[in-house]
Amino acid sequence: MEDSNDAVSLDMETIYLGGKEHHIRTGRGTVSVIVYGDQEKPALITYPDLALNHMSCFQGLFFCPEAASLLLHNFCIYHISPPGHELGAASICPDEPVPSVDDLADQVIEVLNYFGLGAVMCMGVTAGAYILTLFALKYRERVLGLILVSPLCKAPSWSEWLYNKVVSNFLYFYGMCGFVKEYLLQRYFSQEVRGDADVQESDIVQACRKLLDERQSINVLRFLQAINGRPDITEGLRRLKCRTLVFVGDDSPFHSEALYMTSKLDRRYSALVEVQSCGSMVTEEQPHAMLIPMEYFFMGYGLYRPYLLSESPRSPLSPSCISPELLSPESMGLKLKPIKTRVSLQTEKGRER
């Protein structure tokens with residue numbers, strides 16, 4: 001079940017911070033993809049949360065030296081932005097139809113077809129995790145593994161649906177106003193880094209607040225409308241046979257949803273990491289907590305950090321290289337209970353010694 005590649009054409013390329021930006025025209029609108037690394041390596045696709053792009057959602061992870069060496073050594077990175085969320089994006093014409101979540105998942109397959117990619121590794125955050133999970137359900141043969149951060153799988157609850165409607169109205173009438181920014185920052189980050197009357201908000205929150213000012217409100221509204229209309233995909237989760245690694249902060253508003261989703265996945269192929277004192281966006285707030293779980297996860301594909309592998313991999317990943325004993329959460333070195341960030345750091349130091 002794959003769409004034709006005919007609708008995909010290169011519209012523009014620009015060099016951006018070491019990556020090449022492609023504006024790809026698909027049958028469901030134009031999408032920005034920034035490519036980092038050697039395109040002969042296996043592909044890692046990323047998809048950010050609402051109102052974010054790769055700079056505001058994955059920069060912390062890729063600026064973490066150990067995680068960056070693990071990812072960039074083994075993969076070519078394809079950062080997909082939701083329509084109109086890329087840096088410098090103009091407002092999407094109001095006459096353009098609002099895409100559904102199915103449309104956004106189908107855009108991903110058109111991006112893969114454009115670049116001539118086969119099966120890929122996927123990493124998504126919250127709304128982006130939902131889109132990539134839906135993509136994996138629709139195109140199972142094109143997904144090798146899923147790394148999901150504070151993911152969604154159920155349709156919006158009545159309260160979430162109503163609150164999103166209120167935020168949509170603010171976006172429509174007032175743009176990226178203070179109320180909308182506070183809603184988004186609460187969605188992304190824990191109270192600890194957001195600060196309060198006595199404690200100043202952290203640098204990452206301040207940086208994210210500035211980046212939100214650059215978003216076109218109509219474009220954010222369109223993505224929010226798509227996510228607010230998402231269907232429940234729980235029933236299909238058990239059919240996923242790709243290995244899935246789920247991260248969630250225990251202060252995330254989507255914590256219970258992530259636990260619910262993990263309970264519906266096949267436990268032979270999935271594992272959950274709960275990060276203490278962290279919000280939804282683990283990639284920015286505590287990216288170091290992701291390192292060791294990802295190392296164990298990638299070992300199942302024969303991928304390692306550079307100091308363990310002398311040459312860069314160039315052959316496509318294959319599920320056949322997964323040893324059966326590496327498919328259980330316990331053998332991946334993960335526990336299905338909270339993992340303290342400081343414990344992860346101590347473990348990492350012990351491994352490096």
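Rules used in this analysis
Residues numbered from 1 in each chain as written. Predicted model: local features only at pLDDT ≥ 70, side-chain atom pairs only at ≥ 80, totals over all residues. Heavy atoms only, no water. UniProt positions renumbered as here; feature names shortened; annotations may be inferred. Helix = DSSP H or I, 4+ residues; strand = E, 2+ residues; numbered from the N terminus. Buried < 20%, exposed > 50% of the residue type's maximum accessible area, 1.4 Å probe, protein only. Contact = heavy atoms within 4.5 Å. Areas by Shrake-Rupley, 256 points an atom, 1.4 Å probe, with all protein chains shown as cover. Expected span 1.5 Å × (residues − 1). Arc of directions from axis to C-beta. pLDDT = per-residue confidence, 0-100. Right-handed = clockwise from strand over helix to strand, strands pointing away. Pairing = 2+ DSSP bridges.

Under an unreviewed UniProt entry, the chain has the name Protein NDL1 and belongs to Vitis vinifera. Under the heading Sequence similarities (unreviewed entry), UniProt records this for the chain: "Belongs to the NDRG family."

Helix and strand counts for the chain stand at 15 helices and 10 strands. Within the chain, the fraction of its 353 residues that count as buried is 57%. Contacts in the chain between residues at least 24 apart in sequence constitute 78% of all its contacts with a sequence separation of at least 6. Surface accessibility of the chain: about 14700 Å² in total, with carbon and sulfur atoms responsible for 52%.

This paragraph deals with helix α6 (residues 158-174). Because the α-helix completes a turn every 3.6 residues, residues three or four places apart line up on one side. With 17 residues, α6 extends 24 Å from end C-alpha to end C-alpha; this agrees with the ideal 24 Å at 1.5 Å per step. Along α6, the residues that are buried comprise Glu160, Asn164, Val167, Ser168 and Leu171. Mapping the buried residues of α6 onto a view down its axis gives an arc of 110 degrees, with all of them on the same face. Of the residues in α6, the exposed ones pointing more than 90 degrees away from the buried face are Trp158, Phe173 and Tyr174.

Before going further, it helps to spend a moment on the UniProt feature "transmembrane region" (unreviewed entry) in the chain. Within this numbering scheme, the UniProt entry marks residues 114-137 as carrying the feature "transmembrane region" (unreviewed entry). Along residues 114-137, the helical share is 54% and the strand share 25%, with 20 Å between the first and last C-alpha atoms.

Moving on: the confidence of the model for the chain. Confidence in the prediction for the chain averages 85 pLDDT; 82% of positions are at 70 or higher. Here residues 1-16 is a poorly scored stretch, pLDDT under 50, and it has 47 contacts once near neighbours within four places are set aside; other chains count. A low-confidence stretch, residues 308-353 (pLDDT under 50), is modelled with 87 contacts involving residues beyond four sequence positions or located in other chains.

Burial analysis of strand β7 (residues 143-149) places 7 of its 7 residues in the buried class, the great majority of the element. Crossover strand β6 (residues 120-125) to β7 through helix α5 (residues 127-138) is right-handed.

Extensive coverage of strand β4 (residues 43-47) is indicated by the burial of 5 of its 5 residues. Neither face of β4 is left uncovered, since the one carrying Ala43, Ile45 and Tyr47 and the one carrying Leu44 and Thr46 both have all their residues buried. Two strands pair when backbone bridges link them, and β4 and strand β5 (residues 76-80) are joined in this way by 4 bridges, in the parallel orientation. Bridge pairing in β5 links Leu44 to Ile77. Summarising the sheet, β4 and β6 pair through 4 bridges and their orientation is parallel. Bridge assignment links Tyr47 to a residue of β6, and that residue is Gly124.

This part takes up helix α7 (residues 178-188). Among all positions in α7, only Val180, Lys181, Tyr183, Leu184, Leu185, Arg187 and Tyr188 are buried. In this fold, the buried residues of α7 make contact with α5, α6, α8 (191-194), α9 (203-213), α10 (217-228) and α13 (282-285).

Assignment of secondary structure puts Glu214 in the loop between α9 and α10. For Glu214, a relative accessible area of 46% gives the class partly exposed. When the C-alpha positions of Glu214 and His85 are compared, they lie 9.3 Å apart, and in sequence the two are 129 residues distant.

What follows concerns the environment of Gly249. Its place among the elements puts Gly249 in strand β8 (residues 243-249). Given the relative accessible area of 0%, Gly249 is considered buried. A C-alpha to C-alpha distance of 8.6 Å links Gly249 and Val149, two positions 100 residues apart in sequence. Gly249 has contacts with Ser150, His255, Val275, Cys278, Gly279 and Val282, leaving out every residue within four places of it along the chain.

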